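Analysis of the macromolecular model
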Amino acid sequence: WDNADFSRGVGTTFYQEFSTLNTAKPPFVRDVEAKVRRYLRSSYSAAWTLKITWEKAPVYAAWTDTQKTITYQAVLTTDGFRSYILMLYQDGGMQWDYTRLTSTNVLIGYT
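Along each chain, residues carry numbers from 1 onward, in the same order as the chain's sequence is written. In view of the model being predicted, local features appear only for residues whose pLDDT reaches at least 70, and side-chain atom pairs are presented and counted only at 80 or more, with totals across whole chains, interfaces and linings using the full set of residues. Only hydrogens and water are set aside when side-chain values are computed; all heavy atoms of the structure are taken into account.

Details of the overall build of the protein
The numbering of helices and of strands both runs from the N terminus, where a helix is a DSSP run of H or I of at least 4 residues and a strand a run of E of at least 2. Along the backbone of the protein there are one helix and four strands. Counted from the first residue to the last, the protein has its helices and strands arranged as β-α-β-β-β. In this scheme, a residue with accessible area under 20% of its type's maximum is buried, one over 50% is exposed, and one in between is partly exposed, where area comes from a 1.4 Å probe on protein chains only. Counting every position in the protein, which comprises 111 residues, the buried fraction comes to 32%. Residue contacts follow a heavy-atom distance rule, with two residues in contact if any of their heavy atoms lie within 4.5 Å. Partitioning the contacts of the protein with sequence separation of at least 6, the portion at a separation of at least 24 is 60%.

Considerations on the packing of aromatic side chains
Here a Phe, Tyr or Trp ring, Trp counted by its six-membered ring, pairs with any other such ring whose centre lies within 6.5 Å, and the pair is stacked when the planes are under 30 degrees apart, edge-to-face when over 60, and tilted otherwise. Enumeration over the complete set of coordinates arrives at four aromatic pairs. Arranged with centres 5.3 Å apart and planes meeting at 25°, the rings of Phe18 and Phe28 form a pair that is stacked. One end of the pair, Phe18, is in strand β1 (residues 12–19); the other, Phe28, is in helix α1 (residues 27–40), with 10 residues separating them in the sequence. In this arrangement the basic side chain of Lys51 is found over the ring face of Phe28, its NZ or CZ atom lying 4.4 Å from the centre. We count a charge as sitting over a ring when the NZ of a lysine or the CZ of an arginine lies within 6 Å of the ring centre and within 35 degrees of the ring normal.

Comments concerning the pattern of salt bridges
Salt bridges are identified by distance alone: a Lys or Arg side-chain nitrogen within 4 Å of an Asp or Glu carboxyl oxygen. On inspection of all chains with the given rule, the structure shows four salt bridges. Of the charged contacts in the structure, one is a salt bridge between Glu33 and Arg37, with a shortest N-O distance of 3.8 Å. On the criterion of helical spacing, the pair formed by Glu33 and Arg37 is a turn pair, its members being four residues apart in helix α1. Residue class for Glu33 comes out buried when judged on its relative accessible area of 4%.

Re the sheet that holds β1
Spatial strand order, β1-β2-β3-β4: four strands in an open sheet with antiparallel pairing. Of all the strands in the sheet, the pair left with one neighbour each is β1 and β4 (83–89). Here the strands of the sheet are splayed against their neighbours by 10° on average, with no regard to which way each runs. When DSSP finds two or more bridges between a pair of strands, those strands are recorded as paired. Here nine bridges tie strand β2 (residues 48–58) to strand β3 (residues 69–78), and the two strands are oriented antiparallel to one another. The axes used here are C-alpha line fits, helices contributing only the stretch in contact, and every angle between their N-to-C directions lies in the interval 0 to 180 degrees.

Quick look at the nonpolar core
Within the largest apolar cluster, 10 residues are counted, these being Ala4, Leu50, Ile52, Trp54, Ala57, Val59, Ile70, Tyr72, Ala74 and Trp96. Mapped onto this core, the elements with two or more residues apiece are β2 and β3. Per-element accounting of this core gives the leading share, four residues, to β2. Throughout this description, the term nonpolar core refers to a set of buried Ala, Val, Leu, Ile, Met, Phe, Trp, Tyr and Cys residues connected via side-chain atoms within 4.5 Å. Membership of the second largest hydrophobic core comes to five residues, among which are Phe18, Val29, Tyr44 and Ala46.

With respect to the environment of Thr49
Mapped onto the secondary structure, Thr49 falls in strand β2. Taking C-alpha positions, Thr49 is 9.5 Å from Tyr84, a pair spaced 35 residues apart along the chain. Any pair of nitrogen or oxygen atoms within 3.5 Å is treated as a polar contact; in protein, a donor-acceptor pairing is required on top of that, and neighbouring residues in sequence qualify only through side-chain atoms on both sides. A distance of 3.0 Å separates polar atoms of two side chains, one belonging to Thr49 and the other to Thr77.

Things to note about α1
Between its first and last C-alpha, α1 extends 20 Å over 14 residues, near the 20 Å set by a 1.5 Å rise per residue. Along α1, the positions that sit buried rather than exposed are Val29, Val32, Glu33 and Val36. The buried residues of α1 occupy an angular sector of 100° when the element is viewed end-on, so they sit on one face. Counted as exposed and oriented over 90 degrees from the buried face of α1: Pro27, Arg38 and Tyr39. Close packing links the buried residues of α1 with β1, β2, β3 and β4. Arg41, located one to two residues past α1, shows a positive phi value of around 50°. Helix span, expected: 1.5 Å multiplied by one less than the number of residues in the helix. Note that the arc is computed from the directions linking the helix axis to the C-beta atoms.

Printed below as a string of structure tokens:
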């Protein structure tokens, strides 16, 4: 997430928090639960979920190119004991030209 550059006024970042302990769960949280259950073959009931969206984010340094942007999300969720993250990218994956980045050891995801 550290290679997005919003200094030129292109793109935005926003988040939405869902605290669902003892409350009705919105469709988004139910969808996250279903993904965790399906991918991990585990029972899961979210107590808290955070959705962060980077929309039309230009690559660092934005002064070199503000045309190639990407929209991606990180969804963090926990039941209070186990925590998961879903990394969601726009159709077609990462659109930045990684050969123009200052670092050449780039990853999609986390380690």
